[in-house]
Amino acid sequence: MSGKSKFKASKEMVAYCWDTLIHHFESKPMYKPSFTNEPFPLFVTWKIDNKNYDEPILRGCIGTFSEKPLVEGLSKFSLTSALKDHRFSPITQKELPKLHCAVSLLLDFEEAKDVWDWEVGTHGIWIEFTNPTTLSTTTGTFLPEVIPEQQWSKEEALRALIKKAGYNGKVDQSFYSSIKLTRYQSTKEELSYKDYLEFKKHHHQHHIHQTQSITTAT
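By the naming in an unreviewed UniProt entry, the protein chain goes by AMMECR1 domain-containing protein and is assigned to Dictyostelium purpureum.

### So, the overall build of the protein chain
Per the secondary structure count, the protein chain includes six helices and six strands. When the helices and strands of the protein chain are placed in sequence order, the string is α-β-β-α-β-β-β-α-α-α-β-α. The principal-axis extent of the C-alpha atoms belonging to the protein chain is close to 70 × 40 × 30 Å. For the protein chain, the share of sequence-separated contacts (at least 6 apart) that also reach a separation of at least 24 residues comes to 74%. When the accessible surface of the protein chain is totalled, it reaches about 12,300 Å², and 50% of it is carbon and sulfur. Side chains of the protein chain give 27 positive and 27 negative charges; the mean places of these two sets differ by 4 Å.

### A word on unusual backbone geometry
Although it is not a glycine, L135 sits at a positive phi angle of roughly 60 degrees. Position of L135 among the secondary structure elements: in the loop between β4 (124-130) and β5 (137-142).

### Overview of the pattern of salt bridges
In the structure shown here, the tally under the stated rule is eleven salt bridges. Note that K200 and D19 form a salt bridge whose closest N and O atoms lie 3.0 Å from each other. Here the residue K200 occupies a position in helix α6 (residues 193-217), and D19 occupies one in helix α1 (residues 11-26), the gap between them amounting to 181 residues. Residue K200 is classed as partly exposed on the basis of its relative accessible area, which comes to 24%.

### Quick notes on α1
Taking 1.5 Å per residue as the helical rise, α1 with its 16 residues ought to reach 22 Å, and the 22 Å between its terminal C-alpha atoms agrees with that figure. By the burial criterion, the buried members of α1 are E12, M13, V14, A15, Y16, C17, W18, D19, T20, L21 and I22.

### Brief notes about the sheet that holds β5
Read from one edge to the other, the open sheet built from six strands follows the order β2-β1-β3-β6-β4-β5, with strand pairing classed as antiparallel. Either end of the sheet is taken by a strand with one partner, and the two such strands are β2 (57-69) and β5. The average undirected angle you get between the axes of adjacent strands in this sheet is 25 degrees. Sheet analysis places β4 next to β5, joined by six bridges and oriented antiparallel.

### Observations regarding the nonpolar core
Within the largest apolar cluster, 31 residues are counted, with the highest numbers of intra-cluster contacts made by W18, V44, W46, L70, L74, L99 and L105. If you list the elements that add at least two residues to this core, you get α1, β1 (39-48), α2 (70-83), β3 (99-111) and α6. At eight residues, the largest contribution of residues to this core is made by α1. Among the nonpolar cores identified, the runner-up in size contains 19 residues, and F129, Y176, I179 and L181 belong to it.

### Some words on the packing of aromatic side chains
Counted according to the given criterion, the structure contains 16 aromatic pairs. For the pair Y193 and Y196, a centre-to-centre distance of 6.3 Å together with 40 degrees between the ring planes defines the contact as tilted. Here Y196 and Y193 lie together in helix α6, a separation of three residues that amounts to about one turn. Under the relative-accessibility criterion, Y193 is labelled partly exposed at 21%. Taking the relative accessible area as the measure of exposure, Y196 reaches 6% and is therefore buried. Among the aromatic residues, those joined into a ring-pair cluster are F43, F65, F109, W126 and Y184.

Calculation rules
- Residues numbered from 1 in each chain as written.
- Predicted model: local features only at pLDDT ≥ 70, side-chain atom pairs only at ≥ 80, totals over all residues.
- Heavy atoms only, no water.
- Helix = DSSP H or I, 4+ residues; strand = E, 2+ residues; numbered from the N terminus.
- Contact = heavy atoms within 4.5 Å.
- Areas by Shrake-Rupley, 256 points an atom, 1.4 Å probe, with all protein chains shown as cover.
- Lys, Arg positive; Asp, Glu negative; His and termini not counted.
- Charge placed at Lys NZ, Arg CZ, Asp CG, Glu CD.
- Salt bridge = Lys/Arg side-chain N within 4 Å of Asp/Glu carboxyl O.
- Buried < 20%, exposed > 50% of the residue type's maximum accessible area, 1.4 Å probe, protein only.
- Expected span 1.5 Å × (residues − 1).
- Pairing = 2+ DSSP bridges.
- Axes fitted to C-alpha atoms, helices over the stretch in contact; angles between N-to-C directions.
- Core = buried A, V, L, I, M, F, W, Y, C linked by side-chain atoms within 4.5 Å.
- Phe/Tyr/Trp six-rings, centres within 6.5 Å; stacked < 30°, edge-to-face > 60°.

Following this line, the structure appears as structure tokens:
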């Protein structure tokens, strides 16, 4: 991922995810995005407002560590995370006004020296280990923002991630030593439904202005 460290997620990328989900429900026309189509590992996260919580709660989050061209990747994972995250029921059209969407592009992957070789608030973590119960290779990840949001220590985050990956057995120093941990960073952008509508309004006006300028110049 060298050379991409300074690249940032954009509001247009998030708006494209919104467009993709709304098109799924309403078959509205989609504009051609102008952001780069370079390949990146990426995740799309949906959250929803809930009167019982101060902050929006998770509604779906799926992505890939394989590099995908952004247009294809964002289109695919905006729908996969909204409709096929097995932890949740599929998002419905009536939920749209309460939703928040975030795009995370993953950068600067580094193999850690051990499971403690990373910093809360800076790194996301990806773990790989052999599940002692099933003897299968198991993986799991937390994006960089997840651990600070949950106010976890490193050990609390690791135990939660091991459980998320499907292992509920004994976790001791020997088990920690068997884990391969990769740390990474991300660039993230987010839009609520209201923010998305505002972005679309201004984007449309800007497009009209550009079209008029081109027409005048020719």
